[in-house]
Amino acid sequence: MTYVDGAHRWCDRTEAARLTTTQHPPGSQGASGAPSPVNRRAKRTTFPLVDLYQTAVGKKWVMAVTGIALMGFVFAHMFGNLKLYQGPEDLDKYAAGLKTLGDPILPNSMVVWLLRVGLLVVFALHIHSAYSLTMMNRRSNGAGGGTRRDTIAANFAARTMRWTGIIVAAFLVWHLADFTWGWSFVNPDYQYGAVYDNVVASFSRPAVAIAYVVANLALGVHLYHGSWSIFQSLGSMSPRFNPRRNPLRRGFALAFTAAVVLPNISFPIAVQLGIIG
Amino acid sequence: MSTVTLNAHAPTGPIADRWDEHRFSVKLVNPNNRRKFTVLVVGTGLAGAAAAASLAQLGYQVKVFTFHDSPRRAHSIAAQGGINAAKNYKNDGDSIHRLFYDTIKGGDFRARESNVYRLAQVSVNIIDQCVAQGVPFAREYGGLLDNRSFGGAQVSRTFYARGQTGQQLLLGAYQALMQQVGLGRVEMHTKTEMLDVVTKDGQACGIVVRDLATGEITSFNGHAVLLCTGGYSNAFYLSTNAMNCNATAAWRAHKRGAAFANPCYTQIHPTCIPANDEFQSKLTLMSESLRNDGRIWVPKSPDDTRPPHQIPEDERDYYLERIYPSFGNLAPRDVSSRAAKRMVDAGHGIGPLQNGVYLDFADAIGRLGEQVVKERYGNLFDMYQRITDENPYQVPMRIYPAPHYTMGGLWVDYNLQTTVPGLYALGEANFSDHGANRLGASALMQGLADGYFVIPTTISDGLAPLLGSPPVPLDDPVFAQTEQEVRDDISRWLSVGGTRSVDHYHRELGKIVWDYCGMGRNRTGLEKALSEIPALRAEFETNVRVTGRADEVNQNLEKVQRVADFFELGELMCRDALHREESCGGHFREEYQTDEGEAQRNDEDFCYVGAWEWKGPDTPQALHREPLEFEYVQLTQRSYK
Amino acid sequence: MKLTLKIWRQEGPRAEGRFESYEVPNVNEEMSFLEMLDGLNERLVEDGQEPITFDSDCREGICGTCGITIDGKPHGPWPGAATCQLHMRAFSDGDVITLEPWRAAGFPVMKDLMVDRTAFDTIVEAGGYISVDTGAAPDANEIPVPKPVADAAMDAAACIGCGACVAACPNSAAQLFTSAKLAHLNLLPQGQAERFRRTEDMVETMETFFGSCTNYGFCQEACPKEIPIDFIALMNRDYLKAKLKNRKLAGRQG
């Protein structure tokens, strides 16, 4: 086989003419057996972030950065919800307080709306990068026809990121319908502003409580690999976070996951056990 | 009529100025004219990759051919130890002259002085070049380059990158080559095997190749052809060379008029892991450094089958220490190899097949502790254990010599041009710098010297007169004719339809060459080999079976042609060994030894390069002699007692 | 011992492949895995059948030519070893062993167990070098390289380009290969001048053939040279810098 010149074009000297007129599907071979590109090459743009986002390494970086933002959100969300244990007044006051963040400098609800829009963008980027990387990987993967790869090396969390991600996203929609939008077929007893009562009402139903626990376990699995993985995607080379000998990195992932998930699943359980309500 | 004249074009005058003088006297090609010349480079090892990259940088049109799937896989990659250079970074008395002298003496005074001096001169530039390319040589804590001593040299001049020096140097050259591919100055043909040289009016004008993926036979034309295709140790079948190393390119060039020099100079490395069974496909080399702390012995009684630890001290024969008390286990490669062979031949061999000798670390472990031994040799011990499933910390290693380098090759002049104008040979493929025996860590040096520094200078001398004449066009009948001969050859092999595999005949050939033209040679054996090889070849040509088609990936078809060439080359090795009635370096004729069993040179009658000219398939090659003159070194007898 | 091999047979790049079973009696446990296949091939040839096409060359684990996925594991069950270094004592009598080529869209199968890894060369061609024309180099000791840096560069440079990392990765990503080459050159002082352009060019070329990294770590488990995924992190960071850094100022900070 022959390859010529620096423009990353592939050509076979004998069948060059045929190659120029024949389109090969991605991943198939040219006449010489030389592979044709599987994925489209990113075009460089003048906007560095757009430029970055066009490539898989850039998308992983975006996924990591948005992941950190989302980790911050779930942590703050969990922390705020701990006020469930302080009683209805504190929780409702905290919820109302969120809307008056920035008061008196900024108009009412402005900060909370900015946060919501920001979160939406972050979510969209997190999901879009995951989706487009998955598509890229499907094109690149040539496992068809053979047996399955041996998958002992990677842990369960790494292998199930896509599934736990989808579960968490689906749960999120339910969760918003339950407590934010107050859709009646999701939470019939919803009352605007009565956060504590809404939570107790919802979690009193065993099916909902179980769903919350399951969804939070999925979130935990997702967080565990994600919070381990960000170091890698962001390129942390600190020896303490070395992926081979990584007690700190695993420790961080485990501690963070536990800090978010354990309180979260305690809420429905506490309601079910009658500790709250 | 003889067409071969051996004019070395070696410059005269003070030896230190010869290369300078020569660089001044060669004809040059103007930078703007270089793109008008096409150079075909065959092989992408150290010599080939370095030459192709350097010539492309100069502006020549370069086309590169390798039978590997990537240029990075050439067998230079397997070199372990290091690369010599007369940098004198250690301030231990090294100099260009000392490296020159060591190389001439190590080669048992059978190499050309001018070439060897040039090699020593450019050795320092090689290290500079490789470091700039990013070769991660070992460093000291101060950040400067580390050196070690090697192969018994009295100075530390060997640069190394762990045990993977060859790999790192090759990657450096490969990367430089790939850069030129990216710049469009090199056209790369992987999985493409050269099967013939095309000559017109006695001048090389192109090559015929087979695309190993599609089986297609095509030709390429150019103003010069560079063969950088390595050595021929696989003529022995079992060697430390890679499975696909072959002499086909060099041999086909020989059949087109290039003289083949000193084919009997082959080097046998003393510390390899012995064969385990008859299906063994190749031998693995263990670094020579093991002999620094290991003691070599065999049981005194020939039929002793006890495990080593049950053999008491007084029933062991530490034969190297006994025969060579001053050098002991550190006797040079050829000496200790031959001693091991004598022991095994006398029935003292150990191991399940009685084909090895012990290399015992028990004393070293007792003296230094296991930890120190582990630090020094841990990776080698691990490698040994992986292959043999024996723990060398507890059980002595089993070792035996194995072929691993060939000093002989295509005859070249000072410009590295063969006896066919326009056809050059670089690296192990030529015969030039190592004489009858190569020093450790010098092969990498020579390959890179030829590729980076010699050929880019000397090639213009051959090209400059061709300015204005395009290469011979591909529609010239010489190309069609040579292609047809290659195609006929291929169809002939596919139609034999015999009963035995190619490997079977390669193994049988290897046994003959090893038994009679291996570590020890004598007239009777060589004459026997010269009658057995043609007989076996006749059987091979009528009874070999090659399955598959010509127009697809067909590894047996590739192999059968290489083995066919090894048959002819093996015969020439024996003929050369028979004619050279002396012992020198890797060529040991049992009739010619001192009373102490050392190699006995005959400088009166054999101080020359023996270059053989092809005379057709049924006529023995004709010998031409290039006398060797030594002005700067004194011919002495090597002694290691 | 006696073994059954299930081997992927595929006549050419465009042909359909399938598994075929072969009985291999009299396997000696001292044999290397590839010698066992050599023996099978010799028998097949002498029986007039097509031998199995597989790549191999140096048979000491350094050239990177060999590569068979054995029971779903690239290079088989031994860690830190290439296919050619695997010996039959890793198996026992009666085993059924599945042999496949590397599976990746960027490595099309040429025949049986042989794949085309030219894409790796294309990645190196895109920037995996330090531009220094022959003769232009300064003295080798002019630029000191701290030993830890030289050692780390050597760890990365140990890559043999076999492609096991791609074969092991469910995404068929070549990040370990690419990052090892980048780390080798980007860590050394000699490689600084081209560091960011090299990173951009190699990463973007890589992505036209191979998938993305999901931080599974299969690649480092399969790697015969045990190259760690640390280098992928380094590549990610250099890629980010390549996109966001002012190159006119980049040389200042190294």
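Residues numbered from 1 in each chain as written. Chains lettered and ligands numbered in written order. Predicted model: local features only at pLDDT ≥ 70, side-chain atom pairs only at ≥ 80, totals over all residues. Heavy atoms only, no water.

**With respect to the pattern of salt bridges**
Inclusion rule: For salt bridges, the criterion is a side-chain nitrogen of Lys or Arg within 4 Å of an Asp or Glu carboxyl oxygen. We count a stretch as a helix when DSSP gives it H or I for four or more residues in a row; a strand needs E for two or more, and each element gets its number in order from the N terminus. The buried label applies to any residue whose accessible area, calculated with a 1.4 Å probe on protein chains only, is under 20% of its type's maximum; exposed applies above 50%, and partly exposed to all values in between.
Under the definition given, this model contains 69 salt bridges over all chains. Here glutamate 42 of chain C and arginine 507 of chain B are joined by a salt bridge, their closest N and O atoms 2.6 Å apart. Within this pair, whereas glutamate 42 of chain C is found in helix 1 (residues 33–46), its partner arginine 507 of chain B is found in helix 13 (residues 502–517), the two belonging to separate chains. Given a relative accessible area of 10%, glutamate 42 of chain C falls into the buried group. Salt bridges sharing partners connect three or more residues here, namely Asp108, Arg110, Arg580, Glu582, Arg601 and Asp603 of chain B.

**Focus: the domain arrangement of chain C**
Residues and elements named next belong to chain C. Short version of the rule: Where each domain begins and ends follows an automated or database-derived domain assignment. Contacts are assigned to residue pairs with any non-hydrogen atoms lying within 4.5 Å of each other. Once two parts are brought into contact, the accessible area they lose, counted with a 1.4 Å probe and summed over both, makes up the buried area.
In terms of domains, chain C is made up of domain 1 (3–111) and domain 2 (118–253). Relative placement of domain 1 and domain 2: their C-alpha centres are 30 Å apart. Listed by partner, the interface residues are 17 residues for domain 1 and 18 residues for domain 2. In this assembly, domain 1 packs against domain 2 so that about 1,200 Å² is buried in total across both faces, 62% of it on carbon and sulfur atoms. For the interface between domain 1 and domain 2, the tally reads zero salt bridges.

**What about helix 14 (residues 523–543) of chain B?**
Residue and element names in this part refer to chain B. The criterion, for reference: Working rule for helices: expected span equals 1.5 Å times residues minus one.
For helix 14, spanning 21 residues, the distance from its first C-alpha to its last is 30 Å, which sits close to the expected 30 Å at 1.5 Å a residue. Listed in full, the buried residues belonging to helix 14 are Gly525, Leu526, Ala529, Leu530, Ile533, Leu536, Arg537, Phe540 and Asn543. Buried residues along helix 14 sit in contact with helix 12 (477–494), helix 13 and helix 15 (555–579).

**Thoughts on the sheet that holds strand 7 (residues 203–211) of chain B**
All names here are of chain B. Put simply, the rule reads: Strands qualify as paired when DSSP identifies two bridges or more between them. For helices, the fitted axis covers only the stretch in contact; all axes are lines through C-alpha atoms, and the angles between them, taken along N-to-C directions, range from 0 to 180 degrees.
Pairing within the open sheet is antiparallel, and its three strands lie in the order 6-7-8. Each edge of the open sheet carries a strand with a single partner, namely strand 6 (192–200) and strand 8 (217–221). Ignoring which end each strand starts from, the neighbouring axes of this sheet average 30° apart. Across eight bridges, the pairing between strand 6 and strand 7 is antiparallel. For threonine 199, the partnering residue across the bridge sits in strand 7 and is alanine 204. Across the sheet, helix 12 touches strand 6, strand 7 and strand 8, and the angle it forms with strand 6 is around 135°.

**Focus: unusual backbone geometry**
Aspartate 103 of chain A connects to proline 104 of chain A through a cis peptide bond whose omega is 5°. With respect to the element layout, proline 104 of chain A can be found in the loop between helix 4 (88–99) and helix 5 (110–140). Its identity is not glycine, yet aspartate 389 of chain B carries a phi of approximately 65°, on the positive side. By relative accessible area, which is 45% here, aspartate 389 of chain B ends up partly exposed. With a phi close to 55°, arginine 59 of chain C is a non-glycine residue in the positive phi region.

**Overview of the nonpolar core**
The tendency in soluble globular proteins is for nonpolar side chains to be buried side by side. The criterion, for reference: What makes a nonpolar core is a set of buried Ala, Val, Leu, Ile, Met, Phe, Trp, Tyr and Cys residues whose side-chain atoms join them at distances within 4.5 Å.
Counting residues in each nonpolar core, the largest one holds 216 residues, and the members touching the most others are Ile83, Phe137, Leu226 and Ile459 of chain B together with Phe210 of chain C. It is helix 15 of chain B that contributes the most residues to this core, 12 residues altogether. Of all hydrophobic cores here, the second largest spans 33 residues; its members include Leu320, Tyr384, Met397 and Ile399 of chain B.

**So, the interface of chain C and chain B**
At the interface, 76 residues of chain C touch 77 residues of chain B. When chain C packs against chain B, close to 6,400 Å² is buried across both sides, 48% of that on carbon and sulfur atoms. Interface area lost by chain C to chain B is led by Asp57, Thr134 and Met154 of chain C, which between them contribute 10%. Here chain C is connected to chain B by nine salt bridges.

**A word on the domain arrangement of chain B**
Residues and elements named next belong to chain B. Domain boundaries in chain B define domain 1 (269–403) and domain 2 (477–608). Tallying the contact residues gives 10 residues for domain 1 and eight residues for domain 2. Summed over the three residues of domain 1 that lose the most area to domain 2, namely Tyr324, Arg338 and Lys341, the buried surface amounts to 51% of that side. One can count zero salt bridges joining domain 1 with domain 2.

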